[in-house]
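# Coordinate analysis (summary)
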Amino acid sequence: MNIQFDEKQGIFKLDTPNTSYCIGLAEGRWPGQVYYGPRIDTTELAWAMGLDQRPNTPGTLPGEAVSFFDRYPWEYPVCNMGDFRSCCLAVRTEAGEVDFLPEFAGYSIVPGKILPEGLPGTGGGQEDCASLILRQRDPQTGMELELIYTAYGHLDVITRSARIRNGGNSPVRLDKALSASLTIPWKDSRLLRINGSWAREQCIDIQPIGRGFQGTGSARGISSHQDHPFLAVLSPDATQDHGRVYAMHFVYSGSFLAQVERDQFDQLRMVMGIHPETFCWKLTPGETFQTPEVVMVCSDRGLGHMTRTLHDLYRTHLIPNHNRKRPVLLNSWEAVYFDFNEEVLLNIARSAAALGIELFVMDDGWFGKRDCPSGSLGDWIPDPKKLPRGLDHLSRELEKLGMELGIWMEPEMVSPDSDLYRAHPDWAIQTRNRLPMRCRDQYVLDLSRPEVEAYVYQAVETVLRSARITYLKWDMNRPLTNLGSAVLEPDRQGELTHRYVMALYRIQKRLTRAFPDLLLENCCSGGGRFDPGMLSCSPQIWGSDDSDAYERLKIQEGLSLVYPLSAIGAHVADCPNHVVGRTTPFETRAIVAMAGTFGYELDVTKLSREEQEQIPGQIARYQKYQDLIRQGDYYRLASARTGNLDAYLVVKKDRSQALLTAVRPMNVPNSRRTYLPLAGLDPSAVYRDAAKGVSYSGQVLMHLGYPLDFGWGDHQAILAELVRE
Ligand code: DGJ
């Protein structure tokens, strides 16, 4: 197994193909991180457990416990015990004191993966990984802590989570229960975050790390448009293919905190977990709390290796049905918004089907009385004005055209103006003495209540059973506020958002079990809940409501840094673009949307004949490269974020085929030809660019570069296939 314990040295060593993670036990009692970096082949590390013992530097136990913990790289630091940096756990006893000091109490090393209970996690069998459980116990209070690690044998990934069990006699409250902490002994380094806002989600931001706290987080009840549950610490020299990167990614879809702190000794502590601001959890004797999972990657080959590691991990061990082919769809949202009826939809569908589009997705507006974003959420019955013959009839009409029907729902919500709200006003999340704040004129249903969870499941199931529906877009258009549940006991109100997130996973997993052929696409006003947790339920997530090709370059760069392209919902939309008013060439929009699940978000009947004629070719091209895009290795070559060129390459695992995408946002007059050095190819092979009728040596393509001959005008794109001869 790739995890071992050296009893003599008191060292646990977890190995992945290129990294090792070592844990020691200070005084045999406190697990601390000894090493995380390039793979080492020894456990002779007991010496590294000794802290600085220079004159006048306190750090010995037991007389100087505070000074000791103040600098100790504690695996899972607890609060109020002398470690004053960001801690992972705060346990408040019945007496109201924060008091918990766990000590090592044993371990198990087992083959395979230990999945977090009731929560998503990356999977893996005995042949893929091994797991370590470090058991700890507080002899004073009886409280127990288990730290759970999984190390993958074929990927440079270690996952972590924690379980806290009340083994005492009286109830306690967890004020904070993060999932993992990491110590990085670096002074000069940079922090990479992925952040943004609605319509400009997931943009990469890199800053130097100074003294104190830096990080990211969401208290919105969703992972959010603003901040992504991901952090990476980069060495000063780190680039795409060079330098060290430590990354943490949270497999969770609710509020989160991800922080780096550079302490008084210039070492970094990185922590990640559920945001403590709106959280607390009561544990009665015998009860256990399970934290969500953190995925950790250490790469000594820059960001590129981290990216490809995460892609492989999520493709093989997280995303359900990752390998299924995705139909080319047309979504009605930007085509008609709320303004449609059956005839309008079928009219678009007829043209779409003739052009080769396979799936017609009817977005918002088909139910209740919904002609604008107000009203009817919760009343999932077709609007008789718009769909007098119902969903089944629509699906049959589409079937005659050779198309499938997909549908939009926003099941977690209720409109104040709805029959559901009139019947169950207390089902909306709200505090006792105040009406909840409206956002998009809607409230959030309290999924922490079992009867609401059951209703939501049943509402969706009923719609799906009412017609031949093969695709569901599950939308969610507002954050959680006014956190209060009509049924939770006062001392459990802080459990609301976490209970909500767990119920959401249960509902979606139950649905996909009941409808195994259903293609589920999550969405949250675009990419507001694009996270590994949601990806464990649906193989794709709508990337952003911003479908402008240029804006999408930046959004999709951020997403593809951590997610495989097959997870990113991307469509060709209308111009001028509905969000930014920009006009880009139709062909560029189609090339950019290929770095995703590919579809159209426009009224095809309104396109020019010339544009319509391009669609069958675009679809055929997507079909041709779909497998490569879904399964290949991703290399980021240039970024529109930092320059006038965006480029990436997807290389087949055996390096026999590669697909290059390059977009030049602005034309530059009188400029020289650009050669773009490629990556990931076989240097000894010759690659043929059949479209150009030219062959290139792999070595030359990687060192000199591929010649980029862009067309005339702004926002020009190149898509080039290279096939090994
Ligand atoms: C937000 C989504 O991101 C859009 O694609 C669309 O489905 C609207 N909601 C519908 O209200």
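Residues numbered from 1 in each chain as written. Predicted model: local features only at pLDDT ≥ 70, side-chain atom pairs only at ≥ 80, totals over all residues. Heavy atoms only, no water.

Take the overall build of the chain next. Scanning the chain for helices and strands turns up 13 helices and 39 strands. Over its C-alpha atoms the chain spans a radius of gyration of 27 Å, differing by no more than 12% from the 27 Å that the globule rule assigns to 725 residues. A principal-axis box enclosing the C-alpha atoms of the chain has dimensions of 85 × 70 × 45 Å. In the chain, buried positions account for 63% of the 725 residues. Once local pairs closer than 6 in sequence are excluded, the contacts in the chain between residues at least 24 apart make up 68%. Accessible surface, the chain as shown: approximately 26200 Å² in total, 49% of it carbon and sulfur. When the 77 positive and 90 negative side-chain charges of the chain are each reduced to one mean point, those points stand 1 Å apart. (Helix = DSSP H or I, 4+ residues; strand = E, 2+ residues; numbered from the N terminus. Rg over C-alpha atoms; globule rule 2.2 N^0.38 Å. Buried < 20%, exposed > 50% of the residue type's maximum accessible area, 1.4 Å probe, protein only. Contact = heavy atoms within 4.5 Å. Areas by Shrake-Rupley, 256 points an atom, 1.4 Å probe, with all protein chains shown as cover. Lys, Arg positive; Asp, Glu negative; His and termini not counted. Charge placed at Lys NZ, Arg CZ, Asp CG, Glu CD.)

This part covers the site of the ligand. Near the ligand lie 13 residues; those nearest to it are Asp363, Asp364, Lys473, Asp475 and Asp545. Between aspartate 545 and the ligand, the recorded distance is 2.4 Å, taken from a side-chain N or O atom to an oxygen atom. Burial of the ligand by the surrounding chains reaches 98%, relative to a free accessible area of 300 Å². (Near = heavy atom within 4 Å. Polar contact = N/O pair within 3.5 Å; in protein donor to acceptor, adjacent residues only side chain to side chain.)

The next thing to look at is the packing of aromatic side chains. The final tally for this structure, using the stated rule, is 32 aromatic pairs. Plain terms: the ring middles of phenylalanine 5 and phenylalanine 12 are 4.0 Å apart, the flat faces sit at 20 degrees to each other, and that makes the pair stacked. Assessed through its relative accessible area of 0%, phenylalanine 12 is described here as buried. Three or more aromatic residues link up through ring pairs in this structure, and these residues are Tyr21, Tyr36, Tyr149, Trp186 and Tyr246. For lysine 386, the ring lying beneath its charged end belongs to phenylalanine 340, and the centroid distance is 5.0 Å. Sitting over the ring of tryptophan 542, arginine 552 keeps its end group 4.7 Å from the ring centre. (Phe/Tyr/Trp six-rings, centres within 6.5 Å; stacked < 30°, edge-to-face > 60°. Lys NZ or Arg CZ within 6 Å of the ring centre and 35° of its normal.)

Let us look at the sheet that holds strand E3 (residues 19-26). A sheet is described by the order of its strands in space; here 4 strands give the open sequence E1-E2-E3-E4, paired in antiparallel fashion. Only two strands of the sheet have a single partner each, and these edge strands are strand E1 (3-6) and strand E4 (30-38). Shown here is a sheet whose adjacent strand axes are inclined to one another by a mean of 20 degrees, direction ignored. With 4 bridges joining them, E1 and strand E2 (residues 11-15) adopt antiparallel strand pairing. (Pairing = 2+ DSSP bridges. Axes fitted to C-alpha atoms, helices over the stretch in contact; angles between N-to-C directions.)

Moving on, we come to the sheet that holds strand E26 (residues 469-474). One open sheet accounts for 9 strands, arranged E29-E28-E27-E26-E23-E22-E21-E31-E30; its pairing is parallel. Where the open sheet ends on each side, the last strands, each with one partner, are strand E29 (568-569) and strand E30 (572-573). Where strand E21 (residues 329-331) and strand E22 (residues 359-362) come together, 3 bridges link them in parallel fashion. The residue of E22 that forms the bridge with asparagine 331 is valine 361. Relative to the sheet, helix H4 (residues 342-355) contacts E21 and E22, its axis offset from that of E22 by approximately 155 degrees.

Okay, the nonpolar core next. By size, the foremost hydrophobic cluster in this structure holds 194 residues, and its most contacted members are Trp366 and Tyr600. Sort the elements by how many residues they give to this core and helix H8 (residues 496-514) lands first, with 9 residues. In contact with tyrosine 600, other than residues within four places in its own chain, are Val328, Leu329, Leu330, Asn331, Ile357, His571, Val572, Phe586, Ile615, Gln618 and Ile619. (Core = buried A, V, L, I, M, F, W, Y, C linked by side-chain atoms within 4.5 Å.)

Time to look at the domain arrangement of the chain. If you check the domain split of the chain, you get domain 1 (3-317), domain 2 (329-631) and domain 3 (637-724). The gap between the C-alpha centroids of domain 1 and domain 3 is 39 Å. (Domains from an automatic or database assignment.)

With 16 residues, helix H2 (residues 302-317) should reach 22 Å at 1.5 Å per residue; the first-to-last C-alpha distance of 23 Å fits that figure. With respect to burial, H2 is a largely interior element, 15 of its 16 residues being buried. (Expected span 1.5 Å × (residues − 1).)

This part covers unusual backbone geometry. The omega angle of the peptide bond from cysteine 575 to proline 576 is -5 degrees, so this bond is cis rather than trans. In this structure, proline 576 sits in the loop between E30 and helix H11 (586-593). One non-glycine residue, serine 376, lies in positive phi territory at about 75 degrees. Looking at the secondary structure, you find serine 376 in the loop between E22 and helix H5 (390-400).

Once that is clear, we can look at the pattern of salt bridges. Applying the stated criterion across every chain yields a total of 54 salt bridges. A salt bridge links arginine 492 to glutamate 287; its shortest N-O distance comes to 3.5 Å. In this pair, arginine 492 is assigned in the loop between E26 and H8 and glutamate 287 in the loop between strand E18 (281-283) and strand E19 (288-290), connecting sequence segments 205 residues apart. Glutamate 287 gets classed as partly exposed once you look at its relative accessible area, which sits at 30%. Through salt bridges that share partners, Asp83, Arg85, Asp263 and Arg269 make up one connected network. (Salt bridge = Lys/Arg side-chain N within 4 Å of Asp/Glu carboxyl O.)

We now examine the packing of H4 against H5. Each pair of packed helices can be summarised by the angle the axes make with each other and by the distance between the axes. Close contact between H4 and H5 brings their axes to 11 Å; oriented N to C, the two are set at 20 degrees. Compared by their axis directions, H4 and H5 come out roughly parallel. Note that H4 runs across H5; the crossing there is right-handed. Each of Glu342, Leu345, Leu346 and Ala349 in H4 lies in contact with H5, whose residues at this interface are His393, Leu394, Glu397 and Leu398. (Parallel < 35°, antiparallel > 145°, perpendicular 65-115°, else oblique. Left-handed = near helix turned anticlockwise from the far one by under 90°.)

This structure, assessed with the given rule, holds 7 cavities of 30 Å³ or more. Quantified by volume, the largest cavity comes out at close to 60 Å³. As for the largest cavity, its lining consists of Leu565, Ile591, Met594, Ala595, Ile629, Tyr648, Val650, Leu659, Thr661 and Leu719. Taken together, the elements giving at least two residues each to the lining of the largest cavity come down to strand E33 (646-651) and strand E34 (657-664). A domain-level breakdown of the lining of the largest cavity finds at least three residues from each of domain 2 (329-631) and domain 3 (637-724). (1 Å grid on protein atoms, 1.4 Å probe; cavity = no way out; pocket = protein on both sides within 12 Å on 5 of 7 lines; lining within 4 Å. Points joined across faces, edges and corners; volume = space filled by probe spheres on them.)

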